[in-house]
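Here is how the chains run, residue by residue.
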Amino acid sequence: MGKLIFDPSNYQVKEMTIDGITIEYRVFADIVYVAKPLEPKHQSLNIYVPEVYYSGESINGCNIKNAPIFFPITIGGYMPNVSDQPGSDRRNSRNATFRALEKGFVVVAPGARGRVNKNEEGVFTGKAPACIVDLKAAIRYLRFNKDLIPGDTDKIITNGTSAGGALSSLLGATGNHPDYDLYLQEAGACEAEDHVYASSCYCPITNLENADMAYEWMYYRLKDYYKLKFMGIGEDGPIMVPDNGVMSDDQLKVAEEIRRYFPTYINELALYDGQGKQLVLDQDGNGTFKEYVKSFVVDSMNAANEVGSLTVLPAWAVSEAGRIVDIDFESYVQFATRMKPTLAFDALDLSTGENDLFGTASIERLHFTSYAFGHSEAKGGMANPKIVKMLNPMSYLDDDKANMAKYWRIRHGAVDRDTSLAIPVILQNRLTDVGASVDFHLPWGEGHGGDYDLDELFAWMEQVLKK
Ligand code: DHB
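Definitions and limits used
- Residues numbered from 1 in each chain as written.
- Predicted model: local features only at pLDDT ≥ 70, side-chain atom pairs only at ≥ 80, totals over all residues.
- Heavy atoms only, no water.
- Buried < 20%, exposed > 50% of the residue type's maximum accessible area, 1.4 Å probe, protein only.
- Helix = DSSP H or I, 4+ residues; strand = E, 2+ residues; numbered from the N terminus.
- Salt bridge = Lys/Arg side-chain N within 4 Å of Asp/Glu carboxyl O.
- Phe/Tyr/Trp six-rings, centres within 6.5 Å; stacked < 30°, edge-to-face > 60°.
- Lys NZ or Arg CZ within 6 Å of the ring centre and 35° of its normal.
- Core = buried A, V, L, I, M, F, W, Y, C linked by side-chain atoms within 4.5 Å.
- Contact = heavy atoms within 4.5 Å.
- Lys, Arg positive; Asp, Glu negative; His and termini not counted.

For helix α3 (residues 163-173), the buried fraction is high: 11 of the 11 residues fall into the buried class. Looking only at α3, the buried set comprises Ala163, Gly164, Gly165, Ala166, Leu167, Ser168, Ser169, Leu170, Leu171, Gly172 and Ala173.

Structural data, given as structure tokens:
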């Protein structure tokens, strides 16, 4: 393990100005965090530290020893990623990493393997659970080197969007769980703990093995879908072109069939609202769980209304004395529109990113639900259920062997159709039930994305760090 000792002398000092704000920081770059990397470009991390910490100064009461660690996970689509850097975001403002340095955090930006990694022999090297194994290995590297690493490894806060949000939730839910040990050993991870302090998740695309039925519970009535296809990376970022369509009669039949499994899933989960009332669904998908999901959309609209950003009150919203009190859920779903054709996650033709995620070293794509496996149109095989479990934070929330983060912030845009609203709603409910402190909201007008409310994110981090 000698190689995995952090070298404090190997750094560069950099300066950057955005929005008229200048940061000076020390960067320790391209640190490979495992002893047996298959993809060193991805299995590496960058550490950024405010330069003033090296002359004994502090920022907001933080110094080189006690600064919290911000851990930005830039994984999208379960693809391979590299360390984030301070810079501009899509809104041409300071990105989260830049702002974290400004506020006195140490930033540890991890890369990780992803579903399309392949070595020279054509062997896939980044299929599940590689992404979560790598991120855990990065956390372990920090703890293993905690006396050498700047910042406080007891105060690691993870942040990610979409697949990155799912991985942030996994880090929060599965700390030190032995399920991952063999994979960590195989990667040559340090012997150290991998739990985190707090987890920020934007639109976590998770609970994948239950996501198809959750999707159809919402969208089964909608025939048309509206999505964008990724065509590669251009000068201004990803090139996306419309890839819309109409579901076939067969797909509509599958949607109708699969949605009927969702009530059983919900009823067996035994979720409760804040008043101790069980959240259930009848055979047709109606019931207290649906009312509960609706309540978050109602809250979202009221919050937008209070700050004047609900410019038009949709006809499907019922308001009384200036407050929205109810919505017609079906009309809201129509307003949001369907993005993905059936089956949204475990496609019968194995065409989704998730099918690709659950492949193996030698098999590119697999099914991960019994329904799609049983009805496969591609003669697809089935993923190892232990690996499917390892990608789902829900599998660990009742498990004493997992050291769960206490503090959570979950955001899912109120018109984000990449997964069903039920998915984050269930996650936050179960987290709360097992004792986590969860700040959950559906920002009105937001679609699929993250980091759009960085002032609020940092305010939340500052607040939970005081606890
Ligand atoms: C992402 C989006 C998806 O719709 C999905 O199924 C998986 C990942 C993403 O943006 O990371």
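Another aspect to go through is the pattern of salt bridges. What the rule picks out here adds up to 28 salt bridges. Of the charged contacts, one joins arginine 115 and aspartate 356 as a salt bridge, the two residues approaching to 2.8 Å between their closest N and O atoms. With arginine 115 in the loop between β5 (106-110) and α2 (130-144) and aspartate 356 in helix α10 (residues 353-357), the pair connects residues that are 241 residues apart, well separated along the chain. One continuous salt-bridge network, built from bridges that share partners, spans Lys136, Arg140, Asp181 and Asp194.

Right, let's talk about the packing of aromatic side chains for a bit. Counting across every chain of the model gives 25 aromatic pairs. An angle of 70 degrees between the planes, with centres 5.8 Å apart, marks the rings of tyrosine 25 and tyrosine 48 as edge-to-face. Of this pair, tyrosine 25 sits in strand β2 (residues 21-32) while tyrosine 48 is found in strand β3 (residues 44-50), placing the two residues 23 residues apart along the sequence. Both residues of the pair, tyrosine 25 and tyrosine 48, belong to the buried class. Ring plane angle 85 degrees and centroid distance 5.0 Å describe the contact between tyrosine 292 and phenylalanine 296, whose orientation is recorded as edge-to-face. Placement of the pair is tyrosine 292 and phenylalanine 296 together in helix α8 (residues 288-306), with a separation of 4 residues, close to one helical turn. Comparing tyrosine 292 with phenylalanine 296, the two get one shared label, buried. Among the aromatic residues, those joined into a cluster by ring pairs are Trp217, Phe262, Tyr265, Phe289, Trp316, Phe329, Tyr332, Phe335 and Trp444. Over the aromatic face of tyrosine 197 sits the side chain of lysine 155, whose NZ or CZ is 5.2 Å from the ring centroid.

So, about the nonpolar core. One finds Ile47, Tyr141, Phe262, Phe289, Ile327, Phe358 and Ile426 to be the most contacted residues of the largest nonpolar core, which totals 117 residues. With 9 residues, the single largest contributor to this core is α2. Among residues more than four places away in sequence, those in contact with phenylalanine 358 are Ala128, Leu208, Leu366, Phe368, Ala383, Ile387, Val388 and Leu391. Phe70, Phe98, Ala109 and Trp460 belong to the second-largest nonpolar core, a separate cluster that totals 27 residues.

A few words on the side chain of aspartate 84. On the secondary structure map, aspartate 84 appears in the loop between β4 (69-73) and α1 (96-102). In this structure, aspartate 84 is buried with no salt-bridge partner, the nearest side chain bearing the opposite charge being arginine 90 at 11 Å. Those residues in contact with aspartate 84 that lie beyond four places of it in its chain are Asn46, Tyr48, Pro72, Thr74, Asn95, Thr97 and Ala109.

Scope: geometric values only; no functional claims are made or implied.
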